Amino acid sequence: MGNDGEQMLGGLLHAHHLAAMEDLPALVAEHAKVVGFSQTLIYVADLQQQLLVPLPGQHDVFGEPLEPIRVDVTMAGRAFRQVEIVQARSVSDPHAADRAQAPAGEGPMRLWAPLLDGTERVGVLGVTVPEGGEIIHWRVSQLAALISVLVVSKRPHSDSYARLVRTSPMALSAEVLWNLLPPGTFANDAVVVSAALEPAYAVGGDAYDYAIDGDTLHLSIFDAMGHDTAAGLTATLAVGACRNSRRQGADLFATSETIDAEIAEQFTGRFATGILASLDLQSGLLSWVNRGHHPPLVIREGRLVATLASLPDPPMGFRMETSTGLLHYRLQPGDRLLFYTDGIIEAQSPDGELFGLERFIDFVIRREADGVPAPETLRRLIQTILEHQHERLQDDATVLTVEWRAHRQHQLTL
């Protein structure tokens, strides 16, 4: 990378320790000058991943405050969607640079680079570089990677960041749930996990969770009764009880019984459906308990090969007798699991047309055939469901996908 590149990254890493979120743009601009980079701009994705929003205090080349950038119709958005560095048209006007891709050439050029924390898409970096070439692209990607880590490290205690990524007021139930959920994307050499949830600002009873424990991937999805704060608290309790029981070594069925007991104790007449699952990342063996929920789906080589249906045990919160218990299915490398709540397939248009299970499966399969990564597929799916209902969801809609890769090598283009 060279001494200049090391000085840029090392200096920024050292300077960030006493910096707040609002300080990052100026720090990045200062240290990027070491390698000849200029006009550095940092944008982060809003909660629904429809907009790229500039961090506070940044201005364009004319000294005007920056405006949000659309994800779907801009070059910056292309860098975010496709997770690749994109060269734009102009070095003098960042907003003109959003509109068209430039031909390869020499001299200063404008680049957009995705901000990735692991495989979570955080936002994009815009930067003007003195010339093209592999070394320059490498330095841009390294700078973007460091910025991503810095943003993620500071956002948990930044109210300015929380306000920045919201485009609407957030209901109390959503405030509680979003602080509980894991990131929408995770990947390693064995598995890719992606999740999406709507309505982002008023979600009530839906929740998802996942965690890695050695060679085991733990998964869960919940749909609590209702769409109010009590539903959000029921879902929150379900996730918390699930984690607590799991981390004490309880098996899937015992964990579901714990959730059942906790909901019954805390809420009268409240309940949650859900699936608790674990995937052995070495063998591909999926184990799960279904507590009154829609069965998981298995997609293989572009087609639905299994609906993991069974007689479901009762929802959690009723303290009713169970009979089915633990279930098993062995995946093949490349299989994709789909977990979902009824808000996905029961999404209803104003004239009464349901989105439906068939359309849901077809959408995922078509995006997979087009080579669209799982996180981008879910982003587009949620937008399609919102459009189907004219932006007015009647129920929470959550989807969780898992692709088992059996420790195959892959590129981080997620």
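Caption draft 1: Spotlight on the sheet that holds strand E17 (residues 397-404). On the basis of which strands lie adjacent, the open sheet formed by six strands has the order E7-E8-E17-E16-E13-E14 and antiparallel pairing. Edge positions in the sheet fall to strand E7 (185-187) and strand E14 (303-307), since each of these pairs with one other strand and no more. Taken over all neighbouring pairs, the strand axes of this sheet differ in orientation by 20° on average, direction set aside. Running over the sheet, helix H10 (residues 357-369) touches strand E13 (297-300), E14, strand E16 (336-340) and E17 and is turned about 35° from E13. In the packing of helix H11 (residues 374-388) onto the sheet, contacts are made with E7, strand E8 (191-198), E16 and E17, and the angle to E8 comes to roughly 20°.

Caption draft 2: Up close: the packing of aromatic side chains. Evaluated as defined, the whole model comprises four aromatic pairs. Ring geometry for Phe271 versus Phe318: centroids 4.9 Å apart, planes at 35°, classification tilted. Here Phe271 is found in the loop between helix H8 (252-266) and strand E11 (272-280), whereas its partner Phe318 is found in the loop between E14 and strand E15 (327-330), with 47 residues between them in sequence. Accessibility expressed as a relative area gives 23% for Phe271, which makes it partly exposed. The ring of Phe363 carries Arg367 above its face, with NZ or CZ at 4.7 Å from the centroid.

Caption draft 3: Main features of the nonpolar core. Counting residues in each nonpolar core, the largest one holds 49 residues, and the members touching the most others are Leu217, Ile259 and Phe339. Not counting the four nearest positions on each side in its chain, Leu217 is found in contact with Val191, Val193, Tyr210, Ala211, Ile212, Ala277, Ser278, Leu279, Leu281 and Val402. Counting 36 residues, the second largest nonpolar core, distinct from the first, contains Leu12, Leu27, Val35 and Ala144.

Caption draft 4: Geometry of the pairing of strand E12 (residues 285-291). Within E12, six of the seven residues are buried, leaving the element largely enclosed by the surrounding structure. In the sheet, E11 pairs with E12 via six bridges, with the strands oriented antiparallel. Its bridge partner being in E12, Leu279 is matched across the sheet by Leu286. The hairpin formed by E11 and E12 contains four residues between the paired strands, and Gly284 there has a positive phi angle of roughly 80°.

Caption draft 5: Focus on the environment of Ser245. Among the structural elements, Ser245 can be located in helix H7 (residues 229-247). You can call Ser245 buried: its relative accessible area is 6%. For the pair Ser245 and Thr258, spaced 13 residues apart in sequence, the C-alpha separation works out to 7.2 Å. When residues no more than four places from it in sequence are discounted, the contact partners of Ser245 are Ala250, Ala254, Thr255 and Thr258.

Caption draft 6: Structural detail: the pattern of salt bridges. Scanning the model with the defined rule gives 19 salt bridges in all. Notably, a salt bridge pairs Arg367 with Asp370, separated by 3.8 Å at the nearest N-O pair. Of the residues examined, Arg367 reaches a relative accessible area of 16% and is grouped as buried. Overall, Asp370 belongs to the exposed group, its relative accessible area being 54%.

Caption draft 7: Structural context of the packing of H10 against H11. Between H10 and H11, whose axes approach to 10 Å, the crossing angle comes to 145°. Like other packed secondary-structure pairs, H10 and H11 cross with a definite hand, here right-handed. From H10, Arg359, Phe360, Phe363, Val364 and Arg367 reach across to H11, where they touch Thr377, Arg380, Leu381, Thr384 and His388. Tallied by class, the residues present in the contact of H10 with H11 amount to four nonpolar, three polar and three charged.

Cut-offs applied
Residues numbered from 1 in each chain as written. Predicted model: local features only at pLDDT ≥ 70, side-chain atom pairs only at ≥ 80, totals over all residues. Heavy atoms only, no water. Pairing = 2+ DSSP bridges. Helix = DSSP H or I, 4+ residues; strand = E, 2+ residues; numbered from the N terminus. Axes fitted to C-alpha atoms, helices over the stretch in contact; angles between N-to-C directions. Contact = heavy atoms within 4.5 Å. Phe/Tyr/Trp six-rings, centres within 6.5 Å; stacked < 30°, edge-to-face > 60°. Buried < 20%, exposed > 50% of the residue type's maximum accessible area, 1.4 Å probe, protein only. Lys NZ or Arg CZ within 6 Å of the ring centre and 35° of its normal. Core = buried A, V, L, I, M, F, W, Y, C linked by side-chain atoms within 4.5 Å. Salt bridge = Lys/Arg side-chain N within 4 Å of Asp/Glu carboxyl O. Left-handed = near helix turned anticlockwise from the far one by under 90°. Nonpolar A, V, L, I, M, F, W, Y, C, P; charged D, E, K, R; others polar.

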